[in-house]
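# What the coordinates show
So you can see what is in the structure, the chains are spelled out below.
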Amino acid sequence: MKILDPGTYTLIQDFPGRQGLNRWRVGIPPAGPMDDFSFRVANRLVGNDESAAALEITLGGPTIVFNKDTLVAITGAPIAATVDGQVVEAWKSFVIKKGGTLQLSQLQGEGVRSYLAVAGGIDSPDYLGSKSSFPLGKLGGLSEGSPLQINDELSIGEPVSNPSPKTLPASMIPKFRDTWEIDVLLGPQEAPDYLTPEDLDTLFKSTYEVSHNANRMGVRLIGPKPKFARKDGGEGGGHPSNVNDTPYAIGSINFTGDNPVILGVDGPSLGGFLCPITIPSYHWWKIGQARAGNKIRFRRVTMDYVISTRLRQDEAIRNLSPRKNLPRPSFVTKPSEDNNERGLIHEIQSTESKLKVQYRIAGDVYLLVEYGDPSIMDINARVRVHLLEQFLLKHKPSGLVDTIPGVRSLLIWYDNRKLSLDDLMKLLNQAELELPHRDIKLPSRVFELPIAFHDKWSRDATERYMNSIRSEAIYLPDNVDFVAKSNGLNGAADVEKIVMEASYLVLGLGDVYLGAPCAVPLDPRHRLTVPKFNPVRTYTPEGAVGIGGQYMCIYPAESPGGYQLIGRTLPIWNTKGNLPNFTPEKPWLLDMFDQIRFKPVTENELEAYREAFSAGRYKLETKQEELCMKEYNKFLKSIENETKEVKARQKIGADAMQLQERAITDSRHLFDEALKITSFLANMVVNGPNYVGVSGKPSKDAPAFVSSPEYPSGHVRSSLPPPRGLKNVLDEEGPAGFVKAVMSTKRALLTDTTWRDAHQSLLMTRMRTTDMLNIAVPTSHALANCFSIEMWGGATFDVALRFLHECPWTRLAKLRELVPNVPFQMLFRGANAVGYSAYSDNVVYKFCKQAKNTGIDIFRIFDSLNYLENMRLGIDAVGEAGGIIEATLCYTGDITNPNETKYPLEYYLLQARELVKLGIHVLCVKDMAGLMKPAAAKILISALRKEFPDLPIHVHTHDTAGTAVASAIACFEAGATAVDCCNDAVSGLTSQGSMGAILSNYQHTEKDTGINLDDYLELTSYWEKTRKMYSHFESGQKSAGADVYKNQIPGGQYTNLYFQALSLGIAQDWDKLKVAYMDANQILGDIVKVTPSSKVVGDLASFMVSNQLDRETTLRRANELDFPESVIEFLQGYLGQPYGGFPEPFRSDVLRDPSLPRFEGRPGTYLSPFDFESCHRDLEAKWQRPMSELDVMSHIQFPDVFDDYLKNLHKYGEVTNLPTPNFWSPMDIGEKVTFNVKSRTFTATLDSVGEIRPDGNCIVTYDVNHLKHRITVKAKQPKELPYILREEFGSKVIAMKRKKADPSNKGSVGAPLPGKVLQVKHKAGDRVKRGDVIVVLSSMKLQLTVTAHRNGKIYSLCVTEGDTVLAGDLLCEIH
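Report on the accompanying structure. As the structure is a prediction and not an experimental result, all values here were calculated from the model. (Residues numbered from 1 in each chain as written. Predicted model: local features only at pLDDT ≥ 70, side-chain atom pairs only at ≥ 80, totals over all residues. Heavy atoms only, no water.)

## Quick notes on the pairing of strand β36 (residues 788–793)
For the record, the criterion: Relative accessibility thresholds used throughout: buried, under 20% of the residue-type maximum; exposed, over 50%; partly exposed, between the two (1.4 Å probe, protein chains only). For the purposes of this entry, the term helix denotes a DSSP run of H or I that reaches at least four residues, the term strand denotes a run of E that reaches at least two, and both are numbered from the N terminus. When DSSP finds two or more bridges between a pair of strands, those strands are recorded as paired.
Judged by how many residues are buried, β36 sits mostly within the fold: six of six residues are covered. In this sheet, β36 lies alongside strand β35 (residues 749–752) in parallel orientation, the contact comprising two bridges. If you follow Thr751 over to β36, its bridge partner there is Ser788.

Listed below in structure tokens is the structure:
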């Protein structure tokens, strides 16, 4: 076999790898296949023994020419494979003729590794009994463990017989998924000794995500952090996950700090972290196929089930026949009190002469025996481990694979098919009866190794680390100085003196692989203690001497590492075993209980020693000593007081270093966050702003407003506490007192909507929190006499998350802190909360409570269909939360028109009566489209006031037709208590009427608003300048339009609908869209239109214009069109029941799929109570960060949007800290921006922008607080120049040209609208039925499913998730 192309990462492996005594025991991992199931099956398919050497292929495969006829088989993760251009199938063997070329390209779908076996196996050299490759140790395989290279030639062994092609039964082929369910057994270090029962519960209930740090050594997981049962690891380390160095089992879930890692076949044999659960050997293959982003759930099973399943798996592989009569899993849902169901299966208590012994399961093929106190490093325990190991090696029971000693434990690796756990335990109990307990003496070789202390090689490794990984840490720039400070010493000379005086006893081998010693000074006064590098180094020189915890280690090869480096010595590993002190069977230098003593040499002297040693001219001499434990324990007793003094000194030093580390960590964290924010700026420089479809260039001139204590309270520029307002009344007297106060005043009370509906209506809801905070204190003074400030709810909630990358709860809390005197009001969608669909009742109740506690006072409760049952839920929830219940009549139609039959005056009076019966505090008339003319206002408000003389009446309207101020005055004259309006700078058009006009109208009258016009005008100056920063979000509407009386488009929807039209490419048909809006409303039954019902009408109108459908055609083709998701859900009843019922037959035609549920009544009554606790836990597991209850609520309201918000937060940090001009617009070269991260100020200057390279990357250079940072940005599409170097600001991304669907062919499925592909539900080759969902599309907030229009098989699939498509683009073909 000749390798023409080696593929991504192709290794030679055999099964079960490098096993046997004195292998893993000394840090030589078994290696072998990560997916042993697929590997073994591949060998059996070509007639080999399961153990034969074959190829493991990761991600991308090789291209191989065969020099003789060869039977081959491909298994594992699906991979594209051809022989001489002809496709070949996996999981069956086939012959490749002499000269044939096998090409394995990229993996297809899930999984990570594929396998290629050839009859006769691959004939490569053995190393320590195996052909398996261990790349990190540079051993095994074809050449020093390395992956295959171009032009490598592999020999093929002779087949044991004349094998014939075979096919694996389909039922045996594994399913490669993005979610894996993996069996586990408890142990070794589980609850209650190491974890809490709650931690165990979390382990089995949570879904973990596979990190990008997944390889043959281990698979790191992202998931919830355990609480742990201990506060620390005692002498094993300061973190509760730390233990005194213990041997590890393959498949153990190892908590390195708070983060779990599944240990793989190339993993370490020894380490200082606990392992609470272990994967049985029959599921190790799943570890090998889990890829970054996959999900993993652990399933606890019993040992009986595990043993039976493994035997059946072995039988199935051996016979290539599916397992039959597989036992049902013996699931365990709660930790059992029965020790047989725990990791700890047996325990012998301590006596005066014996240490305590615990026997802990570590999967199905390992048993961990622990001696003594787990929190103490006791050499007596290590001696006891040694005696037990010698006992086992003396008896050599059949089935004993290896013994791996740790500091106080022994891991016994056994084959349970030959040696049962019961028989092993009998032997171990016998050992405890026979082993000596007194007068123990052990032989101990003493090595005197030369050491260049504080050497240049170690300093170079540290400098590399500082330049590439971390520039600041308490252990930088000088590890030795850090060791001194951590131990309360005066400097490097003190450290050197202790190191030279110490005699280090080797307690374990393989601490960093390949015979690396885990050694500790015999004299506890010489035990220097230090934490390790965090994160670890990527480079450590071979021969480096380091200290971590209280252990000393010598690195056997160049490798990553975390020990603090203090010097360098001779090599302790010789791969070939051809030097003095080594043999081919023992390529490691040291043995257990050897002693290492260092002698100081210069760097030049060490280089000479190393050269002579590597050339075989220098042999280390050893001195034989005896370690007498009786005498040693006497010695420890004699220095007890001195040891305590040393530990006390070390604690003082360690505490001081810990304080310093916290300060550095905090500072570094702030700088890292600043760099994230700078990356956001750099991305905009290359790719442009993250919005499309808008026009113009926003102003970069940000307003400023300076407050001062020189001005009295109540003055707009005062920084003193603001005057009392209605918020103070509410806090002191409750809702009843508030109602009494507003009904007793003669003032015309105003609600300022500038912070919510004004910018929602005028600027597409894009107002950022920072621009509100900047004017919040002046507002608290100038508008102290307002009824309320509407500042939250409605579309502001999801837009803050979706487009502004802000937390809406944080906005509410910060503004509440600065405005303590004016009631805050929100728009609340009743049963829909702030979302667009129904939620469980307990969600609505909890949302109201959270909103009230965070700062909302008045809840304007409405239902988008005026559906009383949805309103009732919201009213009850707000009442229970203690908020002011402002129930709403949504106004539509025209009560002045005698031909208005659906929504006449009596309709509103009937609705009002029902609302008042529910115990509301305020009645609101919500005219969301500005349809209520002054004459209509007078009629309606007069009628309401007459019927409800003691009830506050609050009116909301829009100025779309230019009548808002006149309508407001008419309302006041008819008896309204309060009216909505907004600052002049953002008033008019689709926004609210001018506050300045209304307050001026009532100046010097009994209805005077109490708002000072001069102060108010200063706010106006601020908002005029601020509006210019958002000019690119304006619709371009230049004047009021009376056509709103026909189309009835709500003001809050107008600009968003226009923006949606721009995004869909139909803005040129804006007039048609307004007509289509009227038609869509009639199609849907002439409904009340306010979010979310208005969104339904708008989505249908956009759909009609995009697909060139008129009203008649839409109705005629309703049974075949793929309507937007919002339309379908409306017709299902997700929003409630519309007045007058659903339109038929339109509803039945759209809901033609019988599986679509229909709701009669309030949809929330069909929903089960929401499980907040489970959701909270899953969120923290998914995102690996603490989540507040407010975060959980954001997720419940908008799961996908909240996910995107967190992704953006993780990638770019708190971009809400940026000034608004820099948030919207790319910076120019030389431009500076200043922003804060918590208490620290950063200034970032754009220095330079490189050209976009052929790989699509661009280097952007910033100066951040006088430090240069090069940021690599991936261009979203091939461009000649970065965005800021192009002339036109509004340059648009051009979608890839795609083949168009054939409208005349029902099997040709096209995109009904332009947008982004959110989900692809099927793949090519799948059989589908008419109505099956193929693709889910989204454009802005419009989402729709595209379904199959015929039964058949998907012949071709033309899109993937994340693609951008235009209307009519071909999505798939169904034959």
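## Comments concerning the state of the cysteines
A covalent bond between the sulfur atoms of two cysteines is what we call a disulfide. Basically, it comes down to this: When two cysteine sulfur atoms lie within 2.5 Å, the pair is treated as a disulfide.
Inspection of every chain in the model, using the stated rule, returns zero disulfides. Note on Cys982: no disulfide assigned, nearest cysteine sulfur contributed by Cys981 at a separation of 7.0 Å. The exposure class assigned to Cys982 is buried, which follows from its relative accessible area of 0%. Counting only cysteine sulfurs, Cys1358 is the nearest neighbor of Cys1372, a cysteine outside any disulfide, at a range of 7.2 Å. With relative accessibility at 0%, the residue Cys1372 sits in the buried group.

## Observations regarding the sheet that holds strand β41 (residues 953–956)
Note the threshold: Throughout, an axis means a line fitted to C-alpha atoms (over the contacting stretch in the case of helices), and angles, computed between N-to-C directions, take values from 0 to 180 degrees. Only heavy atoms matter for contacts: two residues are in contact if any of them lie within 4.5 Å across the pair.
Ordered by their spatial adjacency, eight strands build a closed barrel running β35-β36-β37-β38-β39-β40-β41-β42, and the pairing between neighbours is parallel. Neighbouring strand axes in the sheet, compared pairwise and without regard to direction, differ in orientation by 30° on average. Relative to strand β39 (residues 884–890), strand β38 (residues 858–861) runs parallel, the two being bridged by four bridges. Its bridge partner lying in β39, Ile858 is registered against Ile884. Where helix α14 (residues 754–762) meets the sheet, it contacts β35, β36, β37 (824–828) and β41, and its direction lies at approximately 60° from that of β36.

## Side note on the layout of surface pockets
The criterion, for reference: Cavity: a set of points on a 1 Å grid over the protein atoms alone where a 1.4 Å probe fits but cannot get out. Pocket: an open set with protein on both sides within 12 Å along at least five of seven lines, its lining residues, like those of a cavity, having an atom within 4 Å of a point. Grid points are joined across faces, edges and corners, and a volume is the space filled by probe spheres set on the points. The residue classification treats Ala, Val, Leu, Ile, Met, Phe, Trp, Tyr, Cys and Pro as nonpolar and Asp, Glu, Lys and Arg as charged. All others, Gly included, are polar.
In this structure, the second largest pocket occupies an estimated 1200 Å³ of space. Lining the second largest pocket we find 42 residues, and of these Glu1120, Leu1121, Asp1122, Thr1347 and His1349 sit closest to its centre. Per-element accounting of the lining of the second largest pocket gives the leading share, four residues, to helix α30 (residues 1125–1132). Of the residues that constitute the lining of the second largest pocket, the class distribution is 18 nonpolar, 12 polar and 12 charged.

## Examining the environment of Tyr194
Topologically, Tyr194 is positioned in the loop between β11 (179–186) and α2 (197–205). Tyr194 gets classed as buried once you look at its relative accessible area, which sits at 2%. Separated by 658 residues in sequence, Tyr194 and Lys852 place their C-alpha atoms 41 Å apart. Filtering out sequence-adjacent residues up to four positions away, Tyr194 remains in contact with Gln189, Phe228, Ala229, Arg230, Val243, Leu274, Arg360, Glu370, Pro374 and Arg408.

## Re the sheet that holds strand β54 (residues 1370–1374)
The strand order across the open sheet formed by four strands is β47-β54-β52-β49, and the pairing between neighbours is antiparallel. The open sheet terminates on both sides in strands that have one partner only, identified here as β47 (1308–1310) and β49 (1327–1328). Bridging between β47 and β54 involves three bridges; their strand directions are antiparallel. Residue Gly1310 lies in a different strand from β54, and its bridge partner there is Leu1370.

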